[in-house]
Each structure stands twice: as structure tokens, then as C-alpha cells.
Amino acid sequence: MVERRISVATHWGSYVAVVDSGRLVRVEPRGDDPAPSPIGPGMVTAADDSARVLRPAVRKGWLDGLPRVHDTARGADAFVEVSWDDALTLVSDELRRVRSQHSDSAVFGGSYGWASAGGFHNAQGQLQRFLALGGGYTDSCNTYSTAALEVVLPHVIGGHPWSYQSRMPMWDEIAESCELVVAFGGLALKNSQINSGGLARHRTRDLQRQCREAGVRFVNVSPLRSDTAGFLDAEWLPVVPHTDTAAMLGIAHTMLVNEWHDEDFLRRCCVGFDRFASYLLGELDGVPKDAAWAAGITGIGRDVLCDLARRLTTRRSLIMVNYAVQRADHGEQPIWMSVVLAAMTGSMGRPGGGWGAGYATMDATGVARGRPSVAAVPKVPNPVPDFIPVARIADTLLHPGRTIDYDGRRLTLPELRLIYWCGGNPFHHHQDLHRLTRAWQAPDTVVVHEAWWNATAKFADIVLPVATSLERDDFAAGFSDPHLVAMPKAREPAGESRTDHDIFRGLAARLGYEQEFTESRSEIEWVRHLYEQTRAELGVEASLPGFDDFWRSSTVELPASTGPFPGDFGALRSDPRRFPLPTPSGRIEIFSEVIDSFGYDDCAGHPKWYAPVEWLRADLAGRFPLHLLSNQPASRLHSQYDNGGHSLSSKILGREPVTMNPGDAASRGIESGMVVRLYNDRGSCLAGAVLSEDVMPGVVQLSTGAWWDPVRPGLSGTMDRHGNPNVLTADRPCSRLSQGPSALSTLVDVERYDDPLPDVLAFTPPPLEQ
Ligand SMILES: Nc1nc2c(c(=O)[nH]1)N[C@H]1C(S)=C(S)[C@@H](COP(=O)(O)OP(=O)(O)OC[C@H]3O[C@@H](n4cnc5c(=O)[nH]c(N)nc54)[C@H](O)[C@@H]3O)O[C@H]1N2
Ligand SMILES: Nc1nc2c(c(=O)[nH]1)N[C@H]1C(S)=C(S)[C@@H](COP(=O)(O)OP(=O)(O)OC[C@H]3O[C@@H](n4cnc5c(=O)[nH]c(N)nc54)[C@H](O)[C@@H]3O)O[C@H]1N2
Ligand SMILES: [Mo]
């Protein structure tokens, strides 16, 4: 037996795969990664587990034919395994039928999801290229991550929705010049295991430590103490979830009435402060948003808020806001308000200070301003103009033809007849899974490419087994990461799996456009082509080695991105006429005439406090007195490798851990290590109790990503045995502005589960017939 060692790249870092006779033996951290993620080594047991999809499979009821009445069968049915030839014929015939009998827009190709690292085998890129060449598809816009931010920020600071990432201070500048960081939502290192697209080395932990060693003080405004690393010695201000906007308003009010605010910056570089100030002072509604008012909402003491106002204005300070705060009712507000608060401090546009978002949500934000662009699978223009905001998928399936607001426009929800999902897991990521289950019965056909029998595969009609990132040739270039990492195929695809590209090639051949799709290149020729294209575009300064040397050496470094980064706040401060922001006024829009002109009752022309529909001070808290935080899991990326060793080792009696305050547990007779049931009017799930003083009273934390395991699949309302929080969350838009997901605005109660424990069947394939 000869072990081979192969370079691999994942969203959670780069590793060395050790393979023996085609079997994955180990996944080892790389020596040059200072903080490798333990998710990687856990991939080994998942590679060939019993949940792998090994052959194409078609849902029995769907195969049994027309007319396609699904009732509740989708999600509960057995599957019939078929040959690739039959599977590709079924899919291509069905695509042809839906396009001709309905329309191209009846094909949904939004297919949101993180898929895997790698530039060529980008699942969504491959799918959308294939569908666009075939006539087009209905797309989705924005992300589950940051929809509210993506829509509101371009109105407030201008530019591309994600341009803030290169306009905010980097960690090394914070270490050098900043004195006080106030982080709304904290700086959870667990989230810095990840970078979208790949990651050569994990740097955030050491960069944070460098800040602490340089004397920067950190304040963690969050319901969880664990949202900042112990070594940061952060002050913890437990905040009632979704009240950050009120806390910021209370701080801003204190600054204003004490005249501590940066009047000069607000006058020269911002618009609309006067109108906002009048709201702050309560001139119209008679309610001054002072620190006492904010204390009553947030649970943070009045004096603490006043003291923060003083410290923020007397030191070089940085207001940070994470993404979870905007995955909520009125999620636009804390983002907008954080910019306004920063503009008042005196630190905006000064080195290491001001404002930034998403620090430590990936090992990219705050690490580097960007990198030169790297070639990826080429996009083809989509002939279909229809799109939906990404989180409105269930609404679209349930209410085709209905019109909704979105960022000043009116959108008509299209009628979708065929859903094609490739590289995402909607039965992990969407809110209110029981509602999604009902909606999911509407389309004629659901096609899914998956490597494992997760809930999305079980809820499909045609499942095509896909090769994992270890089973194909590619190279990775993570978001902002200045490295290219070679990913030669470590082993052959499991069973009969094929790459997404190869599946689409087969379909394109049947539909008559194989050559346009492949451009006559094989997969390795594509990989070589994209690398050589990148090398040529970077030119001589980069002096990247030729493809063969790169493939052998595994990692090459790209030159640093030098900008320009338009919309810089330092330049704005120095001369707002010469360096305007890309907003209508050229300045920071504390008041946005554009948003105001939309006339929305749930998003006014300046940031405001709107009480969430579900929060601890809502009437509903009388029945469901605990706020559920469904944050990102420490043990995996979303639902990926929930069947891997690292995630499995975190389970309690096979269930996902739920962490709660010992006081809340005691009053319910709950002890550590017990299985408990979380419930509200939308659904219920089991989970394993962990007790910790790091969770503020009234809050429970259950991470996303446990594969959904309904007791009666297909039947809406049935209990989940495993611990997927999305059976509890509400499918409610943040507001008419962004239509973003508001997953974190959820009230529940928790009780002991004393019944006999049902087996977890999340990782068990459906019945398969030959
Ligand atoms: N309640 C709640 N819900 C949330 C969130 C929350 O905070 N709370 N967070 C939201 C956020 S921020 C996000 S980004 C989403 C994440 O939602 P998703 O991105 O949908 O989650 P993943 O688990 O990454 O799903 C990726 C799927 O693609 C498959 N896959 C991997 N590689 C490939 C490939 O090469 N080809 C194909 N065909 N398939 C592949 C994996 O097996 C997996 O099933 O979840 C959202 N949902
Ligand atoms: N390990 C791991 N890392 C990940 C991911 C993963 O799946 N696994 N997913 C990645 C993705 S796609 C994204 S978008 C980012 C998401 O990045 P974030 O959205 O920042 O991450 P979360 O873990 O959802 O939330 C971080 C913390 O915010 C706090 N929080 C929640 N609600 C509130 C609130 O109302 N107010 C305040 N002040 N705090 C609140 C919670 O305590 C929570 O632990 O993470 C990325 N990183
Ligand atoms: Mo995300």
C-alpha cells in the first residue's frame, strides 16, 4: 500500500489529503496554517458513509407519472435508482417540456448555496451557465447572509454592496491606531474558520491577539459572552436580542445632548443629520431616544450607555457590526444606525477607527482589502429578466403572480414549474421549513445535484450524485485571499458520482448545445485555461509559475491588491468635494431621500427603532418566553459535513446541542446532557441541553445546520428529531426594502423530553429500489 499526499482546499482551509488505494485515510492540517480548523480532518468518515448518493435516483411517485399530483409524497417517497443515461434523458426531456409548455422563467436556477471551494467546479456558476445557454432561468438576488445590509448600505455609503469590506480598517490598522472597539454581535472566532471559496492560512486569531497586545480595548455587545475570544478580555454587555438599534440610539442621544458628537464631520461629510437629530430628541413623537429609554429596551444599564458615549467620542474608536444583527426583523436598521453612530464619534475616516461590518464572520473580512481578480467559469448573460429576492422562495411557490416591494421596485413573483438546485441546501437554509414543505409541493419537478442524502435530496424528484471537491481537479482562490491553491483530484468519485460540469455536459449534449457549454475543453483543460488566463491578466509583476509548476507546488501567492478603493472615508473627511462617496449626495446619507421616497411604513428615510415582531418584550413572549439564536455552527459550515466526524462529536445523544442559561434550565427541570424539545406555533425539534452562564437569561442558542429529520417527512408540522432550528424560525421579510431573511427573530419555549428517544434518521438514505 502506498499512501499519496495531495493538496486540497475547502471553505474551512487548505489541507493535505492522505489517500491509499483510492480510500481517503486522513486529512491533515498544513504546516503553514497557524490555526487550522478541525472541520477538515472530520471529512474522512463522511467521504464514504452510508448517506452518500451513489447512483442517480428518481422519486417513485414522480416516475409513476402524469398527471403529477404530489400531495405530501415529495419528501416522504421511496426512490428508484436509474442509469445515468435514463436520468439525463428524464432531466433534459423535462427541461424541454417546461420551457415549451410554460416558459423559460418557469425554470428556477437561483440555487442559492455555498457549494465547495474551487473556481471551475463552482456549482452555481456551472448550473447558471448551463441554464442560460438553454434559454434562461429565474434567478435570485442577494444572500441569506447579508440581504438587509446589501440593500441598505448602497443607499447610505454608496458603491457595491460589499465594497465596505475594502473601505473599513484592517486588523493591522486597528492594532496600530485604535483604542476602543465596540462590537455589536461580537467577533466570534468560530466563524473565522471559514472563507468563501477557500483559504490558505487562518490569520484572524493572531490578528485579534495582536490588537489586544497593542492595548486595544474590546466591548462585546451580544447575548453570548462567547462571541469574543477569552484572550481579548472584552467587557461583555449582554443585550436583549434585536435591540442593538435602540442601544445605538441611546448612545447617540447622549453624544448629541452633551455636544460630544463630531459636528464638523456630520456637517461636511454627511447629509440629513438634523432630521435624524429631531427624531433622536423626540421632537415629533415626544419620545427622546435617550439612554434611559434605551436601557428599558436593551437591558443595558443607562449609565453604561452614557459611559460608552463618552468613551467612543474621547478615544480613537471603531464601531463594528456583525451580520446576525441584520438577519432579523428590520435588519436594515442596526446596519444603518451603526454607520450614523460611527459618523458621530470623531473617528470616522481616521486610521484604525470609524465603522466596519462583518469582522470575524470569515477569515477574510478585516484581513486584506482584496486581491486581484482570478478567472472563474465564464458567465453567460441570462435571457430571462425575472428574479426573486433570495429568501422569498416559499412565497413565490405559494403565491405566483403576487407583487411585492423590493428596494423601490414592484416585483411580480413568477410561476415556477421546475426547480433546479445545485450546491445549496434549502431544507437547511430557509426559514419555517414546514411552510417550505407546503410550498415545495407546487412545482412539477425538483432536480437536485447532491453528494449526500440530506433533506434537500430527499425532497427532490430527481437526485443526481455529485463528486465532492476531493474528487475533481480544480484550484481555489478564496474571497480576498491572495493565494491560489491547487486541488488535484485526490480520489475517484464515490459510486457513480459525476462532477456538476460533467452532468451539465451530458444534458447539454442531449439538448444540442454541448460544444457551447464546454467550449470543447475537458475539465483539466478548463482548469489549466482559467489558471493561465489569470496568470496572463496579472502580467509580469505577478510572475506566477506556469500551470504545471503550480500544479506541483500547490500554492502560489498573488501580489497585494493596491486599489484604488473608491469611497474611502479618510478621503471623504479630507475633502468631500474632491472625494465624494458614490451616493446621490456624495456624502454619508444619514437621511436618504431615495429610501424616504419609497414611502415604506417599515423603513423610513433615516434609521429608527422598530420593535421586532418577535422579541423578549413582545406579547408572544408570554407564551414563548425564550429568544432563539440560530447562529452559525462552530463544528461545521452550515449543513456541510454534519455527517463528518467533527460535527458528530459535538452531538448530545445524537442531537444538536442547544445552549441555555442555567437559571432558565433549572426553572424547567432541565439538566445538562438531557434531550429537550424546543417548540413554538411553527414547529418543534429535539436537541441536547448544554448549560452555560455565557448565554444571557431568556436566550437559547441552537446553531444552524443539523440535517433536518422530520418524524413524518412531507407532512407539515411534524417534529424534527435532530435539532434544525429552521423548523422554528419565521419566514418573514426584514422589511419591504430588502425582503431579506429574518431568521433570528424567533421566540420559543423549551421543555424536558421524557418520552422514549426516537432514533435520528437524518443520515439514513430514503428507501431505494432498483
Ligand atoms: N435559522 C438560520 N438559518 C440560516 C442562517 C442563520 O443564521 N439562521 N444563516 C443563513 C446563511 S448566512 C447562509 S449563507 C445559508 C447557508 O445555506 P447553504 O449555503 O445552502 O448551506 P450549505 O450547508 O453550505 O449547503 C451547501 C450544499 O451544497 C452541497 N455541495 C457542496 N459542494 C457541492 C458541489 O460541488 N456541487 C453540488 N451540486 N453540491 C455541493 C453540500 O453537500 C450542501 O448540501 O443558511 C442560512 N440559514
Ligand atoms: N464555523 C462557521 N463559520 C461560519 C459559518 C458557518 O456555517 N460555520 N458561516 C459563514 C457565513 S455564510 C456567514 S454569513 C457568517 C455569518 O456571520 P454572523 O452572522 O456574524 O454569525 P452568527 O454566528 O450567525 O452570529 C454571530 C453572533 O451574533 C450574535 N447575535 C445574534 N443576534 C444578535 C443581536 O440581535 N444582537 C447582537 N448584538 N448580537 C446578536 C449571536 O450571539 C451570534 O453568536 O459566518 C460565516 N462563518
Ligand atoms: Mo452566509
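Residues numbered from 1 in each chain as written. Chains lettered and ligands numbered in written order. Predicted model: local features only at pLDDT ≥ 70, side-chain atom pairs only at ≥ 80, totals over all residues. Heavy atoms only, no water.

Enquirer: Would you explain the layout of surface pockets in this entry?
Expert: Left-over empty space is what a probe sized like a water molecule reveals as it rolls over the atoms. Reported here for the second largest pocket is a volume of approximately 440 Å³. Lining the second largest pocket are 23 residues; nearest its centre among them are Lys190, Ser226, Ala634, Gln701 and Ser703. For the lining of the second largest pocket, a count of residues per class yields nine nonpolar, ten polar and four charged. Looking at the lining of the second largest pocket, you find at least three residues from each of domain 2 (147-370 + 566-598) and domain 3 (612-770). (1 Å grid on protein atoms, 1.4 Å probe; cavity = no way out; pocket = protein on both sides within 12 Å on 5 of 7 lines; lining within 4 Å. Points joined across faces, edges and corners; volume = space filled by probe spheres on them. Nonpolar A, V, L, I, M, F, W, Y, C, P; charged D, E, K, R; others polar. Domains from an automatic or database assignment.)

Enquirer: What should I look at first to understand the site of ligand 1 in this one?
Expert: Close contacts around ligand 1 come from 32 residues, with Ser116, His429, Glu450, Asp500 and Ser639 the closest. At 2.8 Å, a backbone N or O of Trp114 approaches an oxygen atom of ligand 1. At a separation of 2.6 Å, a nitrogen atom of ligand 1 approaches a polar side-chain atom of Ser116. Bound to the protein, ligand 1 loses 97% of the 920 Å² it would expose on its own. When residues of the shell around ligand 1 are traced back to their parent elements, those giving at least two are helix H16 (426-429) and strand E18 (445-450). Taken together, the residues that form the shell around ligand 1 break down as nine nonpolar, 19 polar and four charged. Composition of the shell around ligand 1 by domain shows at least three residues from each of domain 1 (3-142 + 375-476 + 483-557) and domain 3 (612-770). (Near = heavy atom within 4 Å. Polar contact = N/O pair within 3.5 Å; in protein donor to acceptor, adjacent residues only side chain to side chain. Areas by Shrake-Rupley, 256 points an atom, 1.4 Å probe, with all protein chains shown as cover. Helix = DSSP H or I, 4+ residues; strand = E, 2+ residues; numbered from the N terminus.)

Enquirer: Is there a simple way to think about the pairing of strand E27 (residues 684-691) in this case?
Expert: A regular strand places its side chains so that they alternate between the two faces of the sheet. In terms of burial, E27 is a largely internal element, six of the eight residues being buried. One ladder, built from four bridges, connects strand E25 (residues 657-660) with E27; its direction is parallel. Along E27, the bridge assignment pairs Met660 with Leu691. The pairing of strand E26 (residues 675-679) with E27 spans five bridges and is antiparallel. Counted as the bridge partner of Val675 is Gly688 from E27. Taking the residues that link successive antiparallel strands as the turn, the E26-E27 hairpin has four residues. (Buried < 20%, exposed > 50% of the residue type's maximum accessible area, 1.4 Å probe, protein only. Pairing = 2+ DSSP bridges.)

Enquirer: Looking at this model, I keep getting lost on the domain arrangement of the chain. Mind explaining?
Expert: Interfaces are often described in size by the accessible area the parts lose on coming together. Segmenting the chain into domains produces domain 1 (3-142 + 375-476 + 483-557), domain 2 (147-370 + 566-598) and domain 3 (612-770). When each unit is reduced to the centre of its C-alpha atoms, the spacing between domain 2 and domain 3 is 30 Å. Domain 2 puts 33 residues into the contact, and the matching count from domain 3 is 31 residues. Together domain 2 and domain 3 conceal approximately 2,500 Å² of surface at their shared face, both sides included; 63% is due to carbon and sulfur atoms. Our enumeration of links across domain 2 and domain 3 arrives at two salt bridges. Ionic pairing is found between Asp694 and Arg225, a salt bridge with its closest N-O pair at 2.8 Å. Inspection of the region where domain 2 meets domain 3 yields 15 residue pairs in polar contact (both at pLDDT 80 or more). (Contact = heavy atoms within 4.5 Å. Buried area = accessible area lost by both parts, 1.4 Å probe. Salt bridge = Lys/Arg side-chain N within 4 Å of Asp/Glu carboxyl O.)

Enquirer: Would you mind showing me how to read the state of the cysteines here?
Expert: Put plainly, a disulfide is one covalent bond tying together the sulfur atoms of two cysteines. Counting across every chain of the model gives zero disulfides. Free of any disulfide, Cys178 has its nearest neighbouring cysteine sulfur in Cys211, separated by 7.9 Å. (Disulfide = S-S within 2.5 Å.)

Enquirer: Help me understand the sheet that holds E25, please; the structure alone is not making it clear to me.
Expert: Read once around its circumference, the closed barrel built from six strands follows the order E24-E28-E25-E27-E26-E29, with strand pairing classed as mixed. Going from strand to strand, the sheet's axes swing by 45° on average, the running direction of each strand aside. (Axes fitted to C-alpha atoms, helices over the stretch in contact; angles between N-to-C directions.)

Enquirer: I would appreciate a short explanation of the nonpolar core in the present structure.
Expert: One recurring pattern in soluble globular proteins is that nonpolar side chains are buried together. Counting 149 residues, the largest nonpolar core has Trp171, Ile174, Trp355, Ile588 and Leu678 as the members making the most contacts within it. The contact partners of Trp171, leaving out residues within four places of it in the chain, are Leu187, Thr204, Leu207, Gln208, Cys211, Phe218, Met320, Tyr359, Thr365, Gly366 and Val367. (Core = buried A, V, L, I, M, F, W, Y, C linked by side-chain atoms within 4.5 Å.)

Enquirer: Help me understand unusual backbone geometry, please; the structure alone is not making it clear to me.
Expert: What you tend to see is this: most non-glycine residues have negative phi, and most peptide bonds are trans. Of note, the phi angle at Ser111 is positive, near 40°, even though the residue is not glycine. Positionally, Ser111 belongs in the loop between strand E6 (107-108) and helix H4 (123-133). Look at Ser111 and you get buried, because its relative accessible area is 0%. Positive phi, close to 80°, is recorded for Ser554, a residue that is not glycine. As for its position among the elements, Ser554 is in the loop between helix H22 (547-553) and strand E22 (555-557). A residue is classified by how much of its surface remains accessible, and Ser554, at 17% relative accessible area, is buried.

Enquirer: Just to check I follow, could you spell out the UniProt feature "domain: Molybdopterin oxidoreductase N-terminal" (unreviewed entry) in the chain for this structure?
Expert: Look at the UniProt record and you will see "domain: Molybdopterin oxidoreductase N-terminal" (unreviewed entry) annotated at residues 9-44. As annotated, residues 9-44 has a helix share of 6% and a strand share of 47%, and its two end C-alpha atoms lie 14 Å apart. (UniProt positions renumbered as here; feature names shortened; annotations may be inferred.)

Enquirer: Help me understand the side chain of Ser338 in this model?
Expert: You can see Ser338 is positioned in helix H14 (residues 332-345). The buried category is assigned to Ser338, whose relative accessible area is 0%. Among all residues touching Ser338, those that are not within four sequence positions of it are Met248, Ile319, Val321 and Trp355.

Enquirer: Please clarify how the pairing of strand E17 (residues 418-422) should be interpreted in this entry.
Expert: Counted residue by residue, E17 has five buried out of five residues, so it is predominantly covered. In E17, alternate side chains face the same way, and those of Leu418, Tyr420 and Cys422 on one face and Ile419 and Trp421 on the other are all buried. Where E6 and E17 come together, two bridges link them in parallel fashion. Directly across from Val107, in E17, lies its bridge partner Leu418. As paired strands, E17 and E18 are joined by five bridges and run parallel to one another. Among the inter-strand pairings, Leu418 is bridged to a residue of E18, identified as Thr445.

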